[in-house]
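Structural description and commentary
These are the residues of each chain, in order.
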Amino acid sequence: MPAELKEKTEPTAPKVMRTPRSLVIEITARCNLRCRYCYFFNNPAMVYRDLPTGEWLSFFDELGSLGVMNVTLAGGEPFIREDLPVLLEGIIRNRMRFAFLSNGALIDDEIAGFIASTGRCEYVQVSVDGSCAEVHDSCRGRGSFDGAIRGIRTLQRHGIGVAVRVTIHRNNVHDLEGIAHFLLDELGLPDFGTNSAGYMGTCRVNADGVLLNIEERKKAMATLLRLTAKYDGRISANAGPLTEARMWRRMEEARSEGKPAFHNGGRLTGCGCPNNKISVRADGAIVPCNMLAHVELGRINRDSLADTWQNSPALNQLRSRHTIPLTEFEFCAGCSYIPYCTGNCPGLAYVLTGAVDHPSPDACLRRFLEEDGAIA
Amino acid sequence: MNQTDRPIANPVVVLREEFDDWAVLFNPDTADAMGTNPVGVAVWRLMNGKRSVEDIVSKIGDSFEDTPSAAREEITAFVNTLAEHGLVGLELGRE
């Protein structure tokens, strides 16, 4: 199109998108499982209450009017909602696509067939934490492995995209090779993602038995790097040991060779989510992210989502987090990795330090090395 | 029934206008997305199955300053690209 044409009315100067492109929506606070590291339960910020069907349908109408492109349905366990087909019809009617975050156990042929018939499902993410029931069920409860695999096979049978997420913890860090073989070779998945249990929700209660210690983190990083090479990039991560192994290796190389600062280094740039997505809790509270469930920005069907998105002081403060230099923090004083560090996840920073505008200690390379860590 | 030269926007396609000078056309059935500028947005809004491409070019000329001579070709190419991606159709008319 002729880009040089000048519109006769002056457009408003932009800062962020007019409306979010995507949302993560916890459509239920109920779950059939009680996993030992669940971030959702035992979170003092959560209100464990489900909204009626009509509330969600009204909200989906609003999302449609705003041009939202896709929603990720989470919980709790989203497949526990008896009215799920009605909710999906509301999403489809409003010209959106959808995805799920699930434990897989409640997925049957009926709902899988319905989802497939819509043609709008991006993927269903199912959590698998072991190559066998003994490992997987150690944190997720008896029978949960069989349920997850049954769910995955049902989705595959209906031609629905399956995205498996492996959460790495103390009980499965020794099983990573077996997990990769099981998921990629036996189940025939194209790929899978990894992260690790974080100090949130129920995990805080069970931290000693769940969270990786330094030796286990080192083992996980080395194993995942090896498996990623073996499986030619079919193992991915946005957080957890694999991400840390890659990022920390780059940081150490840059520091030791005296390279210039990374383009996003030296400031709290670790999270760009508030610029294109937003979340809704099961009770209808609008929050920046499921990891920041205590930051209530508004309430669906009471507050305009567009207005909240554009004008919420708390959200705009979060968006300006990237301007805060790491040199401001006592925690970072004297650190030679500052030019290459992004401060990582504000959600983890909050649960570990009580401050959102703080680097996450869990992602600190210097601290990891001081505690006898080593870069894989 | 024959195809006319009167393009009509696919009603399932979402137009997402952003704050800066671009927008996204998104087809939720295929997940295809295409970025466009303010002129493309204006063209999109004019494609109601009643206006010909010629009508649309004329309307654009009324709405934008200094319309270049290549505007007709560019708008025609844009409409054709949208049609190839299933974002617009051509209205059926009676002979």
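The coordinates are above.
The text that follows walks through the structure, step by step, so that each part is easy to find. (Residues numbered from 1 in each chain as written. Chains lettered and ligands numbered in written order. Predicted model: local features only at pLDDT ≥ 70, side-chain atom pairs only at ≥ 80, totals over all residues. Heavy atoms only, no water.)

Quick word on the overall build of chain A
Selection criterion: Runs of E in the DSSP output that reach at least two residues are strands. Runs of H or I that reach at least four are helices, and both are numbered from the N terminus. For each residue, the accessible area found with a 1.4 Å probe, counting protein chains only, is set against the maximum for its type, and the residue is called buried under 20%, exposed over 50%, and partly exposed in between. Only heavy atoms enter the contact rule, under which two residues are in contact if any of them lie within 4.5 Å. All accessible areas in this document rest on Shrake-Rupley with a 1.4 Å probe, and a residue is counted as covered only by the protein chains that are shown. We treat Lys and Arg as the positive residues and Asp and Glu as the negative residues; His and chain ends play no part in the count. The location of each charge is read from NZ of Lys, CZ of Arg, CG of Asp or CD of Glu.
Along the backbone of chain A there are 14 helices and eleven strands. With respect to the three principal axes, the spread of C-alpha positions in chain A is 60 × 55 × 45 Å. Within the span of chain A, comprising 376 residues, buried residues form 53% of the whole. Of the contacts formed within chain A by residues at least 6 apart in sequence, a portion of 72% connects residues at least 24 apart. Put simply, chain A shows about 16000 Å² of open surface, and 49% of that area lies on carbon and sulfur atoms. When the 42 positive and 44 negative side-chain charges of chain A are each reduced to one mean point, those points stand 3 Å apart.

Some details on the packing of helix H6 (residues 176–186) of chain A against helix H9 (residues 214–230) of chain A
Residue and element names in this part refer to chain A. So the rule is basically this: Working convention: axes come from line fits to C-alpha atoms, limited for helices to the stretch in contact. Angles between N-to-C directions cover 0 to 180 degrees. Should an angle fall under 35 degrees it is taken as roughly parallel, and over 145 as roughly antiparallel, whereas 65 to 115 is taken as roughly perpendicular and any remaining angle as oblique. Working rule for handedness: look at the near helix, and if it is turned counterclockwise from the far one by less than a right angle, call the crossing left-handed; if clockwise, right-handed. Amino acids are sorted into nonpolar (Ala, Val, Leu, Ile, Met, Phe, Trp, Tyr, Cys and Pro), charged (Asp, Glu, Lys and Arg) and polar (every other residue, Gly among them).
At a closest axis distance of 10 Å, the pairing of H6 and H9 adopts a crossing angle of 30°. It follows from the interaxial angle that H6 and H9 lie roughly parallel. The crossing of H6 and H9 is right-handed. Residue-level contacts link Leu-176, Glu-177 and Ala-180 of H6 to Ala-220, Thr-223, Leu-224, Arg-226, Leu-227 and Lys-230 of H9. Of the residues that constitute the contact of H6 with H9, the class distribution is five nonpolar, one polar and three charged.

Considerations on the sheet that holds strand E7 (residues 192–196) of chain A
Residue and element names in this part refer to chain A. Applicable threshold: Note on pairing: two strands pair once DSSP finds at least 2 bridges between them.
Across the sheet, which stays open at both edges, the ten strands sit in the order E8-E7-E6-E5-E4-E3-E2-E9-E10-E11 with mixed pairing between neighbours. Whereas interior strands pair on both sides, the edge strands pair on one side only; in this sheet they are strand E8 (235–237) and strand E11 (298–299). Here strand E10 (residues 285–287) runs beside E11; their pairing, made up of two bridges, is antiparallel. Bridged to Ile-286 within E11 is Gly-298. Packing against the sheet, helix H5 (residues 144–157) makes contact with strand E5 (121–127) and strand E6 (162–168), and its axis sits at approximately 160° to E5.

A word on helix H1 (residues 53–65) of chain A
Along an α-helix, residues three or four apart share an orientation, since each turn contains 3.6 residues. Residue and element names in this part refer to chain A. Rules: Multiplying 1.5 Å by the residue count of a helix minus one yields the expected span of that helix.
A rise of 1.5 Å per residue sets the reference length of H1, with its 13 residues, at 18 Å; its end C-alpha atoms lie 19 Å apart and thus fit the reference within 8%. Along H1, the residues that are buried comprise Trp-56, Leu-57, Phe-59, Phe-60, Glu-62, Leu-63 and Gly-64. Buried-residue contacts for H1 involve strand E2 (22–26), strand E3 (70–74), helix H2 (84–93), strand E9 (277–280) and helix H11 (305–311). Of the residues one or two after H1, Gly-67 is the one with positive phi, at around 75°.

Let's talk about the pattern of salt bridges
Selection criterion: Counted as salt bridges are all cases of a side-chain nitrogen of Lys or Arg within 4 Å of a carboxyl oxygen of Asp or Glu.
Tallying each qualifying case throughout the model produces 26 salt bridges over all chains. With its nearest N and O atoms 2.8 Å apart, the salt bridge here joins A:Glu122 to A:Arg97. Pair noted here: A:Glu122 is in strand E5 and A:Arg97 is in strand E4 (residues 97–102), with a separation of 25 residues, a long-range link. Its relative accessible area of 7% is what places A:Arg97 among the buried residues. Between A:Arg120 and B:Asp29 there is a salt bridge whose closest N-O contact spans 2.6 Å. Taken together, the positions of A:Arg120 in the loop between helix H3 (109–118) and E5 and B:Asp29 in the loop between strand E3 (23–27) and strand E4 (32–36) put the pair across two chains. Classification of A:Arg120 as buried rests on a relative accessible area of 3%. The exposure class assigned to B:Asp29 is partly exposed, which follows from its relative accessible area of 40%.

Overview of the interface of chain B and chain A
Keep this limit in mind: Reported buried area values correspond to the accessible surface (1.4 Å probe) lost by two parts on association, with both partners' losses combined. Whenever a nitrogen or oxygen atom comes within 3.5 Å of another N or O atom, the pair is scored as a polar contact, on the condition that within protein one atom can donate a hydrogen and the other can accept it, and that pairs from neighbouring residues in sequence are kept only if both atoms are in side chains.
Each partner contributes to the interface: chain B provides 34 residues, whereas chain A provides 28 residues. Between chain B and chain A the total buried area reaches about 2500 Å² when both faces are included, carbon and sulfur atoms providing 60% of it. Area buried by chain B at its contact with chain A is led by B:Arg16, B:Phe19 and B:Glu65, which between them contribute 30% of it. Scanning the region where chain B abuts chain A turns up two salt bridges. The tally of links between chain B and chain A comes to seven residue pairs in polar contact (both at pLDDT 80 or more). Taken together, the elements giving at least two residues each to the side of chain B that touches chain A come down to strand E2 (14–17), E3, helix H1 (38–46), helix H2 (53–63), strand E5 (64–65) and helix H3 (71–84) of chain B. Among the residues forming the side of chain B that touches chain A, the class breakdown is 19 nonpolar, six polar and nine charged.

Side note on the environment of A:Gln156
Residue and element names in this part refer to chain A. Turning to its location among the elements, Gln-156 is positioned in helix H5. Relative accessible area serves as the criterion here: at 31%, Gln-156 is assigned to the partly exposed category. For the pair Gln-156 and Pro-288, spaced 132 residues apart in sequence, the C-alpha to C-alpha distance is 33 Å. Look past the residues within four positions of Gln-156 in its chain and what remains in contact with it is Val-162, Leu-187 and Leu-189.

Thoughts on the nonpolar core
Note the cut-off: Take the buried Ala, Val, Leu, Ile, Met, Phe, Trp, Tyr and Cys residues and link them wherever side-chain atoms come within 4.5 Å; each set so joined is a nonpolar core.
In terms of nonpolar packing, the biggest core is built from 92 residues, with A:Leu23, A:Ile25, A:Phe59, A:Phe60, A:Leu63, A:Val71 and A:Leu183 touching the most fellow members. Among residues more than four places away in sequence, those in contact with A:Phe60 are A:Ile25, A:Leu87, A:Gly90, A:Ile91, A:Asn94 and A:Met96. Judged by nonpolar contacts, the second largest core, of 25 residues, contains B:Met34, B:Met47, B:Ile60 and B:Leu87.

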